[in-house]
Amino acid sequence: MLPHERGLSAAPLAPTIENCFAPLPNEEMTAEVVISNRNAAHSFPPEVRDLYEAWVEFEAIDASGKTIYRSGFLKPDGLLDESAHVYRQVILDEQARPITRHQIWLTNIKAYDNAIPPGRSDIARFRFRMPESHQPVTLRARVNYRRFNQEYTDYVLARQKRQLTLPVVRMAEAVIAIAAHDHQLMPAKHATVRHSQTEIPQWKRWNDYGIGLLEQAQHSQAAEAFHQAATLNPSDPNLPVNQAIAEMRTEKFSQVREQWHRAESLLDAA
């Protein structure tokens, strides 16, 4: 998904996308990365999220190889970029200090807890500006996982007087290049795409996007995404049910009293 400042959007992004668009030089863009938890019977990451480290890495690279935007990178000391979109738990002690070494007996309250339940989706958003030239920009999104956060690792290794670099596991990756000069999206050269976008049906991608929007309480946008999914796959009764759920939640938080009737017709159709 790639909305930008003129109110236009291209979604979902793929090398074979048909609804191409032409971003302007120096235009501000927002990339929406949909992360889905598929084929797992537990959340991602699972419990013990105060110890695990999972995050979204995003880069925008111009034609010369210069990084014009990045988030979710590892710093020279191995610590994660503070601006990263993370899946983790932050627990605090009685002095409101973060507990980073898994001393759960000191826990007073949970300050933050972000995970993707099984079968659900999340949306991470990254805003960047296109170069002033018409050269293409390569977008790369990765979901990374590390068994322990770096602060805990450093603490343990210091006590044992050992050195060790924990591997970062790349759970998924997607790469695409966009350009303004030829009004099209272009596959990134020499890009290794794990869990290729083209292997996922378009209706499924719209449905995952709708789930992510629903989880973030963007109910009317979720209803539209589920509608797109149902249009592409009219034989699946779950898709109008999803749209009906989004319509009913829109009704709950709006002054418009039409969503219940829309939901009723959608459930009848399902």
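That block above? That's the structure.
Everything numeric here is computed off the predicted structure, so don't read it as measured data.

**Q** Run through the environment of I99, naming residues and quoting values.
**A** Following the sequence through the fold, I99 ends up in the loop between β7 (89-92) and β8 (109-113). Given the relative accessible area of 7%, I99 is considered buried. When the C-alpha atoms of I99 and Y152 are compared, they prove to be 10.0 Å apart, with 53 residues separating the residues in sequence. With residues up to four places along the chain from it excluded, the contact list for I99 reads I91, L92, D93, L106 and T107.

**Q** I'd like a rundown of the pattern of salt bridges, residues and numbers included.
**A** Opposite charge on two side chains allows them to pair when their charged atoms are near. One pass over the structure, following the stated rule, counts 18 salt bridges. Among the ionic pairs, E28 bridges to R129, the shortest N-O distance being 3.5 Å. Here the residue E28 occupies a position in strand β3 (residues 28-36), and R129 occupies one in strand β9 (residues 121-129), the gap between them amounting to 101 residues. On the accessibility criterion, E28 (26% relative accessible area) is partly exposed. The shortest N-O distance in the salt bridge between D93 and R97 comes to 2.9 Å.

**Q** Go over unusual backbone geometry, please, and point to the residues and values.
**A** In terms of backbone geometry, most residues other than glycine have negative phi values and most peptide bonds are trans. In this model, F44 is joined to P45 through a cis peptide bond whose omega is -15°. By secondary structure assignment, the location of P45 is in the loop between β3 and β4 (53-61). Cis geometry marks the peptide bond from E47 to V48, where omega comes out at 20°. Tracing the chain through its elements places V48 in the loop between β3 and β4. Although it is not a glycine, N39 adopts a positive phi angle of roughly 60°. Tracing the backbone shows N39 in the loop between β3 and β4. A residue is classified by how much of its surface remains accessible, and N39, at 85% relative accessible area, is exposed. A positive phi angle, near 65°, is found at A217, a position not held by glycine.

**Q** Which residues make up the packing of aromatic side chains, and what values do they have?
**A** Considering all chains together, one arrives at seven aromatic pairs under this definition. Between F58 and F128, the ring centres sit 6.3 Å apart and the planes meet at 40°, which makes this aromatic pair tilted. Residue F58 is located in strand β4, and its partner F128 is located in strand β9; the two are separated by 70 residues in the primary sequence. We classify F128 as buried; its relative accessible area is 4%. One aromatic cluster is present, formed by F58, Y69, F126 and F128 through successive ring pairs. Above the ring of F73, the side-chain terminus of R70 is found at 3.7 Å from the ring centroid.

Criteria and thresholds
- Residues numbered from 1 in each chain as written.
- Predicted model: local features only at pLDDT ≥ 70, side-chain atom pairs only at ≥ 80, totals over all residues.
- Heavy atoms only, no water.
- Helix = DSSP H or I, 4+ residues; strand = E, 2+ residues; numbered from the N terminus.
- Buried < 20%, exposed > 50% of the residue type's maximum accessible area, 1.4 Å probe, protein only.
- Contact = heavy atoms within 4.5 Å.
- Salt bridge = Lys/Arg side-chain N within 4 Å of Asp/Glu carboxyl O.
- Phe/Tyr/Trp six-rings, centres within 6.5 Å; stacked < 30°, edge-to-face > 60°.
- Lys NZ or Arg CZ within 6 Å of the ring centre and 35° of its normal.

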